[in-house]
Amino acid sequence: MAFIPHTEADVAAMLAAIGAQRIEDLFDEIPAELRIGALAGVPEALNEMEIGRLMSERARRDGLALSFLGAGAYEHHIPAAVWAIVTRGEFYSAYTPYQAEASQGTLQLIYEFQTMIARLTAMDVANASMYDGASATAEAALMAVRANRKSTSARILMPTTVHPHYRRVAATTTCNQGLRFEQLPYCAEEGITPAASLARFEGHDVTALVVQQPNFFGRLEDVDALTDWAHAHGILVIAVVNPTSLALLKPPGQWGARGADIAVGEGQPLGVPLSGGGPYFGFMTTRMEYVRQMPGRIVGRTLDAAGRGGFTLTLQAREQHIRRARATSNICTNQGLAVTAATIYLSLMGPLGLERTAAAAHGRARELTAALTRLPGVRTAFAGPFFHEAVLQLDRPAAPVLATLGSRGILGGLALTGYYPELGSALLVCATETKTSADIDRYRAALADALQQTARAA
Amino acid sequence: MSNVPADLRYTRSHEWLRTLSDGTVEVGITDHAQHALGDMVFVEVPEAGRAVKAGQPCAVVESVKAASDVYAPLAGEITAGNGKLADAPETVNAQPYGEGWLMRLRPAPGALAAAELLSAADYQKLLDAEAG
């Protein structure tokens, strides 16, 4: 079925009614020099059969690699029921409905999602989701500038242990809004942000401190000390967290004496499959005190005129359809489909299931690092606890090693050289509950061969 | 019929001003404005110490119907925001000219003279004209 239901006769009748000759005439107002003209490089349309074949060929090219790649997107087992339910007609829409209250089922689902995320993070309130973890981090920085009314500097402390992509997205998103990000170095031995390094900011006007837990290296930051230091200096704390890890680690609402002020993260690990970078979803939570500074949609529970329970969009005065340019954000939507999957995933797993998943994933990661570091020329880069992901230091260049592993159908991790040149030949590796001891043996054997085939770094 | 106290001065955007004995100026929204907005659910007031320009948005009043900016009627420095409104926004409805004040500011030199303020009589005329 065509998506545009107008026949040529319909179009001609409508044009005649307004006295226009062609549809093109409706765009006369746009000056010719502002028009992009023909779209060079965009091929002709393909029909369904052709596009299906093209996509199958592309998918085959990806292969079915054994993946030890994490770095922000994680392969977890997704119970078959999750996507069977998500793709039911009642749920299969990627968007907040425009007549929101007419879709009570969708609103209830979002409400349940918000409740689960708020409990997982131990924060007061969650919104209906953001685009992804990176954009949620950027929005959290903007939100902190609005919420920290004691601070006028819009200066954000950003540890270099925060995901490099998140840092870039935050800088790009906010570059015209006067925010300044101060990059904080990490401790070379431990791969975490030393609380002592913050002392130089005492007495300066700082708006917020970002803390990622586990950090990009998989290491656990000293979140209590960082949070308490920030609060002692009037600085808000933005937590960036992995939702799976929260089944085991202290949730951001309990960091330090007062808890983080805003907690965000990438929701993909909760039932969303790895898929060429997306679509994933971000989540965002805060304390009730700052709820009016939070971007995005929020679903609330209420009573109708007859006293019956129901769900409604709430606190909309923050949003752009009401406050125009002074809205808290230009995000007035959510990632409906991915959020539906996450809600069903979490309800199927339950708190105990999520805890078992997190523990099993971490167990496999420990097994992996133990196996790999038994090879000569491989050692862990940082001492101290980590969660299901770790940095390995190789004694020869990482890129050719990864290429050799790739040729054997193994995604061996992420080479960090481009992001952290000072780490030299470092590899970020991850294992989850999806990996078996046999998988880990296969990786170890392939890595041993790949190292032998690769010349030692000069 | 709106209450328009004779001893206050007014803006076209429905704020009122009262000059206090220490020379600072108290600002709120008028009875007409609170009535038009309806029941207040949230009020955001500026922090003390903030410098404002005339016409700059510096407070937000949110009712069940709408969220509106409140503008600084003249240039100066905020000396106080009415923190009690955070827990009791309905005070703006009940006592718009009293306990429901939004902020106090110290006018910049010459700002009071430069501000285009209305007398009670002129503000009443504005309301009559708007009611048409």
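As the structure is a computational prediction, the values presented were derived from the model and not from experiment. (Residues numbered from 1 in each chain as written. Chains lettered and ligands numbered in written order. Predicted model: local features only at pLDDT ≥ 70, side-chain atom pairs only at ≥ 80, totals over all residues.)

**Thoughts on the overall build of chain B**
Definition in use: Secondary structure elements are defined from DSSP: runs of H or I of at least 4 residues count as helices, runs of E of at least 2 residues count as strands, and each element is numbered from the N terminus. With the radius of gyration taken over C-alpha atoms, the globule rule is written as 2.2 Å times the number of residues to the power 0.38. Exposure classification rests on a simple neighbour count of other C-beta atoms within 10 Å of a residue's own: a residue reaching 20 or more is buried, one at 12 or fewer is exposed, and one in between is partly exposed. C-beta atoms are placed from the backbone. Distance between backbone-placed C-beta atoms decides contact: two residues are in contact if it is within 7 Å.
Across its full length, chain B holds 4 helices and 9 strands. Start at the N end of chain B and walk to the C end: the helices and strands fall as β-β-β-α-β-β-β-β-β-α-β-α-α. Its C-alpha radius of gyration of 14 Å places chain B within 12% of the 14 Å reference for a compact globule of 132 residues. Considering only C-alpha atoms, chain B reaches an extent of 35 × 35 × 25 Å along its principal axes. Expressed as a percentage of the 132 residues in chain B, the buried residues total 39%. A fraction of 66% describes how many contacts in chain B between residues 6 or more apart in sequence connect residues 24 or more apart.

**Quick notes on the sheet that holds strand 7 (residues 67-71) of chain B**
All names here are of chain B. Here is the rule we go by: For two strands to count as paired, DSSP must find a minimum of two bridges between them. Here, axes are lines fitted to C-alpha atoms. For helices the fit covers the stretch in contact, and angles between N-to-C directions go from 0 to 180 degrees.
One open sheet accounts for 3 strands, arranged 4-6-7; its pairing is antiparallel. At either end of the open sheet lies a strand with only one pairing partner, and these are strand 4 (40-44) and strand 7. Taken over all neighbouring pairs, the strand axes of this sheet differ in orientation by 20 degrees on average, direction set aside. Bridge count between strand 4 and strand 6 (residues 57-63): 4 bridges; the pairing is antiparallel. When the sheet's bridge partners are listed, F42 is paired in strand 6 with E62.

**With respect to helix 4 (residues 104-121) of chain A**
Owing to its 3.6 residues per turn, the α-helix brings residues three or four apart onto one side. Residue and element names in this part refer to chain A. Let me state the cut-off plainly: To estimate how far a helix should reach, multiply one less than its number of residues by 1.5 Å.
Over its 18 residues, helix 4 extends 26 Å from the first C-alpha to the last, a length consistent with the 26 Å expected when each residue adds 1.5 Å. By the burial criterion, the buried members of helix 4 are T106, L107, L109, I110, Y111, F113, Q114, M116, I117, L120 and T121. Positive phi shows up at A122, right after helix 4, with a value of about 60 degrees.

**A word on the interface of chain A and chain B**
The following threshold applies: Amino acids outside the nonpolar list (Ala, Val, Leu, Ile, Met, Phe, Trp, Tyr, Cys, Pro) and the charged list (Asp, Glu, Lys, Arg) are all regarded as polar, and Gly is one of them.
Contact residues are listed per partner, giving 7 residues for chain A and 5 residues for chain B. Across the side of chain A that touches chain B, the residue classes tally to 2 nonpolar, no polar and 5 charged.

**Notes on the sheet that holds strand 2 (residues 125-126) of chain A**
Residues and elements named next belong to chain A. The strand order 2-8-7-6-5-3-4 describes an open sheet built from 7 strands, whose pairing is mixed. Either end of the sheet is taken by a strand with one partner, and the two such strands are strand 2 and strand 4 (180-184). Where strand 3 (residues 155-159) meets strand 4, 5 bridges bridge the pair, whose relative direction is parallel. Residue pairing across strands places P159 opposite L184, the latter belonging to strand 4.

**Structural notes on the nonpolar core**
Filter applied, for reference: We call a set of buried Ala, Val, Leu, Ile, Met, Phe, Trp, Tyr and Cys residues a nonpolar core when their C-beta atoms link them within 7 Å. The start and end points of each domain follow an automatic or database-based domain assignment.
By size, the foremost hydrophobic cluster in this structure holds 120 residues, and its most contacted members are A141, A144, V210, I238, A342 and L392 of chain A. Tallying contributions element by element places helix 9 (residues 336-372) of chain A first for this core, with 14 residues. Residues from two domains meet in this core; each of domain 2 (66-73 + 358-453) and domain 3 (80-344) of chain A gives at least three. L8, W16, L37 and V52 of chain B belong to the second-largest nonpolar core, a separate cluster that totals 29 residues.

**Considering the domain arrangement of chain A**
By domain assignment, chain A separates into domain 1 (8-62), domain 2 (66-73 + 358-453) and domain 3 (80-344). With 18 residues of domain 2 of chain A at the interface, the matching set in domain 3 of chain A holds 20 residues.

**Re the confidence of the model for chain B**
All names here are of chain B. Stated precisely, the cut-off is as follows: Each residue carries a pLDDT value, the predictor's own confidence for that position, ranging from 0 to 100.
When pLDDT is averaged across chain B, the result is 92; 99% of the residues are at 70 or more. Per-element confidence in chain B ranges from a low mean pLDDT of 85 for helix 3 (residues 111-114) to a high of 97 for helix 2 (residues 91-94). At the level of chain-chain contacts, confidence expressed as ipTM amounts to 0.74, with global pTM at 0.88.

**Quick notes on the pairing of strand 9 (residues 103-107) of chain B**
Residues and elements named next belong to chain B. Most of strand 9 is tucked away: 4 of the 5 residues are buried. Strand direction decides the pairing type here: strand 3 (residues 25-29) and strand 9, joined by 3 bridges, are antiparallel. Note on strand 9: the bridge partner recorded for V27 is M103. The pairing of strand 8 (residues 76-81) with strand 9 spans 5 bridges and is classified as antiparallel. Residue E77 lies in a different strand from strand 9, and its bridge partner there is R106.

**Considering the environment of V339 of chain A**
Residue and element names in this part refer to chain A. Mapped onto the elements, V339 comes out in helix 9. Here the alpha-carbon distance between V339 and L270, two residues 69 residues apart in the chain, equals 8.9 Å. Excluding its chain neighbours within four sequence positions, the residues that come into contact with V339 are I110, F113, A128, S129, F281 and N334.

**Remarks on the packing of helix 5 (residues 133-147) of chain A against helix 6 (residues 164-174) of chain A**
Residue and element names in this part refer to chain A. Selection criterion: Throughout this description, any angle smaller than 35 degrees is read as roughly parallel, any larger than 145 degrees as roughly antiparallel, any in the 65 to 115 degree range as roughly perpendicular, and the remainder as oblique. Take the far helix as the reference: if the near one is turned anticlockwise from it by less than a right angle, the crossing is left-handed, and if turned clockwise, right-handed.
Running from amino to carboxyl end, helix 5 crosses helix 6 at an angle of 50 degrees, the nearest separation of the two axes being 8 Å. Classed by the angle they form, the pair helix 5 and helix 6 counts as oblique. The hand of the helix 5/helix 6 crossing is right-handed. Taken together, the residues of helix 6 that come into contact with helix 5 (itself represented by G133, A134, S135, T137, A138, A141 and L142) are H165, Y166, V169, A170, T173 and T174. Of the residues contributing to the contact of helix 5 with helix 6, the split by class is 7 nonpolar, 6 polar and no charged.

**Observations concerning unusual backbone geometry**
All names here are of chain A. Here Q213 and P214 are connected by a cis peptide whose omega angle stands at -10 degrees. By secondary structure assignment, the location of P214 is in the loop between strand 5 (208-213) and helix 7 (223-232). Positive phi outside glycine occurs at H388, with the angle close to 45 degrees. Secondary-structure assignment places H388 in the loop between strand 11 (378-380) and strand 12 (389-394). Overall, the presence of 29 C-beta atoms within 10 Å leaves H388 in the buried class.

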